[in-house]
Protein chains: 2
Amino acid sequence: MALTRGDAMRLDNADPLADFRERFVIADEHKLYLDGNSLGRLPKATRDRLHRVIDQWGDELVSGWPEWIEAPARTGDALAEVLGASAGEVLVTDSTTVNLYKLVNALLDADPALRTIATDTDNFPTDRYVLEGIARARGLELQIFENADPLNGPQPDDVPEGALVVLSHVGYRSGALADMAALDARATVIWDLSHSAGAVPIDLNARGLRYAVGCTYKYLNAGPGAAGYLYVAQAEQERLRTPIQGWFGQDDQFAMERPYAPAAGIARFMAGTPPILVLAAVEEGVRVTAEAGIEALRAKSIAQSELLIALHDEWLAPLGFTLGSPRDPQRRGSHVSLNHPDAWPICRALIERADVIPDFRGPDSVRLGIAPLYTRFVDVWDAIDRLRDLVARGVHREVDQTRSRVT
Amino acid sequence: MALTRGDAMRLDNADPLADFRERFVIADEHKLYLDGNSLGRLPKATRDRLHRVIDQWGDELVSGWPEWIEAPARTGDALAEVLGASAGEVLVTDSTTVNLYKLVNALLDADPALRTIATDTDNFPTDRYVLEGIARARGLELQIFENADPLNGPQPDDVPEGALVVLSHVGYRSGALADMAALDARATVIWDLSHSAGAVPIDLNARGLRYAVGCTYKYLNAGPGAAGYLYVAQAEQERLRTPIQGWFGQDDQFAMERPYAPAAGIARFMAGTPPILVLAAVEEGVRVTAEAGIEALRAKSIAQSELLIALHDEWLAPLGFTLGSPRDPQRRGSHVSLNHPDAWPICRALIERADVIPDFRGPDSVRLGIAPLYTRFVDVWDAIDRLRDLVARGVHREVDQTRSRVT
């Protein structure tokens, strides 16, 4: 028998991270926000920091630059801690898409033996689009391989041996957690950490991983459209050059009369002038994540997704739902997909009639993200309770199903 | 004989744009800020708008996206007005560097007959770096040609005929204003508008220009590291494809199962998720510029740079300065370079001892930018008066000359 609401409240009382919820703006306590894996909440420290940076622009004007110019590296070093990388290995800049583009091209340039690039059909579309464009431009083969069981994510045997492969650490639909070390042994992998960073330990250095990209607006709570990042292991940096050469990646930026020479270290992957407001938001989002600690966040995320799945099994399975995510928490990231033929109207009804914010992912997933920094056990319990009630009463058959599917 | 301070005050009293100064944060009335061509001031409306967008993130969370997703196109349309382009021709996204990279590659892909790319030695370094990288990657010839007279900027005869050429509308050192139509008739030109947009009429459509990029943090007052933009004339859009294919440039962004197909129109040049805070700042900066009107801003800018040059001739030339910008206002943008062998210590002394903020540009320029939205005639008068006094007394020989040369 599933846990009661009282049980969920007791879990909250025992939660060592419970106080972190206070660090975030929560405008409406009745609204249950389970889409922090798409856009994380606003940390109060970020709001205050952004106000300060805006005032700094107004007051200091161009004199602010000697401090601002350090922001990409400083923010990257803070993020490196959360990703299990070393200082000087992570750079916060541009978007995930642009960073992936730079890194794929840099690797192909450095190693002409790489003639095949690949990804799996379950990877996030922008990664595939980037690879399609690069394959066309360079006349390379792009292999987009199916995963035998999407719920389990990519398996080493399915990865083309010796290829340059882009894989998501956590699948954006299923939430499947890839076996990074095993996959990395099979091919040169660029890891997309967008759906795991901030909620799942990544241990880039400990796992010997060499390349990664990701975004900061999900579990890292840096705000809508905040910058992406890239990671290149120290030993690989000097042999790589970005295809997009700009003045912030130049060796001596203000010696303007010379030909381009890449800066030392990870800074060589910078292109144009970095957005200072955005970097400040990333720094604050990363800071609160680091303070909570990635291991503690992971433990809480697992406990909450286990609760969610237990409630699904008892309440939702009889209503036609099936679990669209791995059942083993060690094989799962921090979101859970609940599949149902009416997933789209159910998502609309949850938002419009039940004050629960999920994410629809086609064709048939109600995706629920657990952002452990601010989600309570009782939020999970209430959300699944409201979902059960709504579907049992057929409320989803009453909503306007034509609204656009903008996430 | 030069104008008196009283004359300058009378010019301010007669200035139809004088009230726009009230729209900006001015923290220190004694500090004379003549570096708005490097980083523009903070509009009060931008501060308020950013506060609202931060709160909107906190309150609406992912429900904000249906509005935010319109921001790149909406902001681009507002900017189009300032640039003399049509709605649907300008996109605010990424950095200038990344936009230039996308546009050069798109043009080279569309027209394989373009085998030579070129720029002039007086162009801003990041433009040259981008071209160096593309030339290397594609095995093309890059011609970097000298301008016979840097004070006059690039001349049509110096441009390699039929090449793909990147030129600045206004030279970042000399302030020389290029003859866009004549140069464009000679080659396929991508115009870098960074040093003119917001202070000089550009008239992209009226001049029949096809391609441009630029930044928004100078005269457009969008803040440190704010987004860049690109312009592609309507008739050229459908034949061009960005090399960086991302989900925001995809035809039907949320139909995630299909191969990449470029979106219709200028949106095809988008890559990753756009930074919403930054776009809001760009929109506000563009709005105040449009409200003042680019023709009125140009008239004021010319009057102020004429005052500056008249004072230079009378007071500074005897102290060893020479004019590093065109004397004809029709050939000049909105900044004036005053050359002196001691330009670097003079710039340090202006900042540290005289509360005047110029910009040093190597090897020997004191660059003074006139941002006509908020600069007063009396500011110009006072700045040149303080500069005269400082050099006459040799104060620049007392300052620490070792400080780093960050812009």
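Just above sits the structure.
Fair warning: this is a prediction, and the values are worked out from it, not measured in the lab.

(A) Molecular detail of the pairing of strand β7 (residues 211–215) of chain B. Residue and element names in this part refer to chain B. By the criterion of burial, β7 is predominantly enclosed, with five of the five residues buried. Burial along β7 is two-sided: Tyr211, Val213 and Cys215 and Ala212 and Gly214, pointing in opposite directions, are all buried. Summarising the sheet, strand β6 (residues 188–192) and β7 pair through three bridges and their orientation is parallel. In the strand pairing of β7, Trp191 is matched with Ala212. Bridge analysis of β7 against strand β8 (residues 228–232) gives five bridges, and the strand direction is antiparallel. Residue pairing in the sheet places Cys215 in a bridge with Gly228 of β8.

(B) Just unusual backbone geometry, in detail. For the bond from Gly362 of chain A to Pro363 of chain A, the omega torsion is 0 degrees, close enough to zero to count as cis. Mapped onto the elements, Pro363 of chain A comes out in the loop between β12 (359–361) and β13 (365–369). Here the phi dihedral of Asp94 of chain A falls at roughly 50 degrees; this positive angle occurs in a residue that is not glycine. As for its placement among the helices and strands, Asp94 of chain A is situated in the loop between β2 (90–92) and α5 (96–110). Under the relative-accessibility criterion, Asp94 of chain A is labelled buried at 17%. Look at Asn221 of chain B: it is not a glycine, yet its phi comes out positive at around 60 degrees. Position of Asn221 of chain B relative to the elements: it lies in the loop between β7 and β8.

(C) Expanded view of the packing of aromatic side chains. Taken as a whole and assessed by the stated rule, the structure comprises 19 aromatic pairs over all chains. The interplanar angle of 85 degrees and the centroid separation of 5.6 Å between the aromatic rings of Trp65 of chain A and Trp68 of chain A together place this pair among those described as edge-to-face. Of this pair, Trp65 of chain A and Trp68 of chain A both sit in helix α3 (residues 65–68), separated by three residues, roughly a single helical turn. Classification of Trp65 of chain A as buried rests on a relative accessible area of 9%. Taking relative accessible area as the criterion, Trp68 of chain A reaches 3% and is therefore assigned buried. With 5.0 Å between their ring centres and 65 degrees between their planes, Phe24 of chain B and Tyr374 of chain B make a pair best called edge-to-face. With Phe24 of chain B in the loop between α1 (5–13) and β1 (32–33) and Tyr374 of chain B in the loop between β13 (365–369) and α12 (377–392), this residue pair connects regions lying 350 residues apart in the sequence. An identical accessibility class is assigned to Phe24 of chain B and Tyr374 of chain B; each is buried. In this structure an aromatic cluster arises from ring pairing among Trp65, Trp68, Trp247 and Phe248 of chain A together with Phe124 and Tyr172 of chain B. The ring of Trp315 of chain A has Arg388 of chain A sitting right over it, with the charged end atom 3.7 Å from the ring centre.

Quick notes on the rules
- Position numbers for residues start from 1 in each chain and track the written sequence from start to end.
- Each chain gets a letter, beginning with A, and each ligand a number, beginning with 1, in the order they are written.
- Given that the model is predicted, a residue must reach a pLDDT of at least 70 before its local features are reported, and side-chain atom pairs must reach 80 or more before they are shown or counted; all residues, however, enter totals for whole chains, interfaces and linings.
- Based on all heavy atoms of the structure, the side-chain values leave hydrogens and waters out of the count.
- The classification of residues rests on relative accessible area computed with a 1.4 Å probe and restricted to protein chains. Under 20% of the type maximum is buried, over 50% is exposed, and intermediate values are partly exposed.
- The way it works is that DSSP assigns letters per residue, a run of H or I at least four long becomes a helix, a run of E at least two long becomes a strand, and they are numbered from the N terminus.
- Criterion used throughout: strands pair if DSSP finds at least two bridges between them.
- Only Phe, Tyr and Trp rings are paired, with Trp represented by its six-membered ring, and only when their centres lie within 6.5 Å; those with planes under 30 degrees apart are stacked, over 60 edge-to-face, the remainder tilted.
- Charge over a ring is defined by NZ of Lys or CZ of Arg lying within 6 Å of the ring centre and within 35 degrees of the ring normal.

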